[in-house]
Amino acid sequence: MRTGSTCQAVGLVVMASLLGEIPTALGQERFPIAVRAASDALEAGHVHAKTLSIGRPQVGALVYPMSLEASAYVSVRKKKNYGTPELVELIKTSISSVHERIPKTPRLHVGDLSLKHGGPMQGHASHQSGRDADIGYFLRTGHDPGRFKRATATTLDVQRTWALLESILATGHTEVIFSDRRLLKVLRNHAEKTQNLNPDLVKRWFDGDETTPNQRPTLRHLKGHQNHFHLRVYAPKSHVKLE
């Protein structure tokens, strides 16, 4: 539990960052709301002291983000590779799990996360608060570890791509994954044949939870996602909502 002096010190650090970064990312009119919301969340112990994901994916900002760095498993887009710890760690551990499960797995390209301070990013309606990432598909033929390539039902490496998605979904930290309906169809066929995988989970991921009203599926079609899928995570230890 934080002491009053610790809260005050943390608050000062965050305020300094907010003063420099939030106005350009969120706009001047939301600045006082962001400062108040961040202070309240820190004092209540609801978020990490270091990283704050402020607002929504469509209108948001980042303070002290974590960067996803290139590795033997991942290639990234520099200056657009920032996110919350929840997002970055999930990407790293999920891709690593595919390499552990399936030998000779190639490097995978991860595209845009967020800018260093969040806010609007060219070409995106979201990606503003560090909870979104564009991730490539593993391909059976024509795989390129340094960029996105269009996947089809024939070229998609279903085994590796599903292993990645299953690892992400199994954590329970996924808000939504946008893909293409033609790819989702073959992925579902594979998932339904996977041993030791609860069929109720598969149904919930692809169809939604019938026991919960208006509960949409986690895996959804969205136009423009034939060469990558869009991951959005919950970030309970970083996320600061703006009412």
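This write-up is about the structure you can find in this document. Each chain carries its own residue numbering, running from 1 in the direction its sequence is written. Local features are withheld for residues below a pLDDT of 70 in this predicted model, meaning they are given only at 70 or higher, and side-chain atom pairs are given and counted only at 80 or more; totals for whole chains, interfaces and linings count all residues. Hydrogens are left out, water is left out, and the side-chain values use all remaining heavy atoms of the structure.

1. Overview of the nonpolar core
Note that soluble globular proteins tend to have their nonpolar side chains buried in a common cluster. Residues belong to a common nonpolar core when they are buried Ala, Val, Leu, Ile, Met, Phe, Trp, Tyr or Cys residues joined through side-chain atoms within 4.5 Å. Note on exposure labels: buried denotes an accessible area under 20% of the residue type's maximum, exposed denotes more than 50%, and partly exposed covers the range between, all computed with a 1.4 Å probe on protein chains only. Core analysis: the biggest nonpolar cluster contains 40 residues, and I91, I135, W162, L164, F229 and L231 have the highest contact counts within it. Each helix is a run of DSSP H or I of at least 4 residues and each strand a run of E of at least 2, with the numbering of both proceeding from the N terminus. Elements that contribute at least two residues to this core include exactly α3 (85-101), β7 (132-135), α4 (158-170), α5 (181-193), α6 (199-207) and β10 (229-233). Here the element with the most residues in this core is α4; it accounts for seven residues. For this analysis, residues touch if any pair of their heavy atoms sits within 4.5 Å. Apart from the residues lying within four places of it in its own chain, the contact partners of L164 are S94, I95, V98, L108, I135, F138 and F229.

2. Some remarks on the sheet that holds β10
Sheet strands pair via backbone hydrogen bonds, and the direction of the pair is either parallel or antiparallel. The pairing criterion is simple: DSSP has to find at least two bridges between the two strands. Ordered by their spatial adjacency, four strands build an open sheet running β7-β10-β8-β9, and the pairing between neighbours is mixed. Of all strands in the sheet, those with a lone pairing partner are β7 and β9 (219-221), marking the two edges. Averaged over all neighbouring strand pairs, the angle between strand axes comes to 25 degrees, with direction disregarded. Where strand β8 (residues 174-179) and β10 come together, four bridges link them in antiparallel fashion. By the bridge assignment for β10, T174 is matched with V233. Lines are fitted to the C-alpha atoms to define the axes, a helix being fitted only along its stretch in contact, and any angle between axes, read from their N-to-C directions, falls within 0 to 180 degrees.

3. Some details on the pairing of β8
By the criterion of burial, β8 is predominantly enclosed, with five of the six residues buried. In terms of strand pairing, β8 meets β9 through three bridges, oriented parallel. From the neighbouring strand, I177 faces β9, where its bridge partner is L219.

4. Let's talk about the pattern of salt bridges
The salt bridge criterion pairs a side-chain nitrogen of Lys or Arg with a carboxyl oxygen of Asp or Glu, the two atoms within 4 Å. In this structure the tally under the stated criterion is 12 salt bridges. When the shortest N-O distance is used, the salt bridge between R77 and D112 registers 2.9 Å. Of this pair, R77 sits in the loop between β4 (74-75) and β5 (82-83) while D112 sits in the loop between β6 (108-109) and β7, and the two are 35 residues apart along the sequence. Classification of R77 by relative accessible area gives partly exposed; the value is 38%. The exposure class assigned to D112 is buried, which follows from its relative accessible area of 5%. E175 is the partner of R131 in a salt bridge, and the nearest nitrogen-oxygen pair spans 3.0 Å. In this pair, R131 is assigned in the loop between β6 and β7 and E175 in strand β8, connecting sequence segments 44 residues apart. E175 sits in the partly exposed class, given a relative accessible area of 27%. Residues joined by salt bridges that share partners form a network here, namely R188, E192, K203 and D207.

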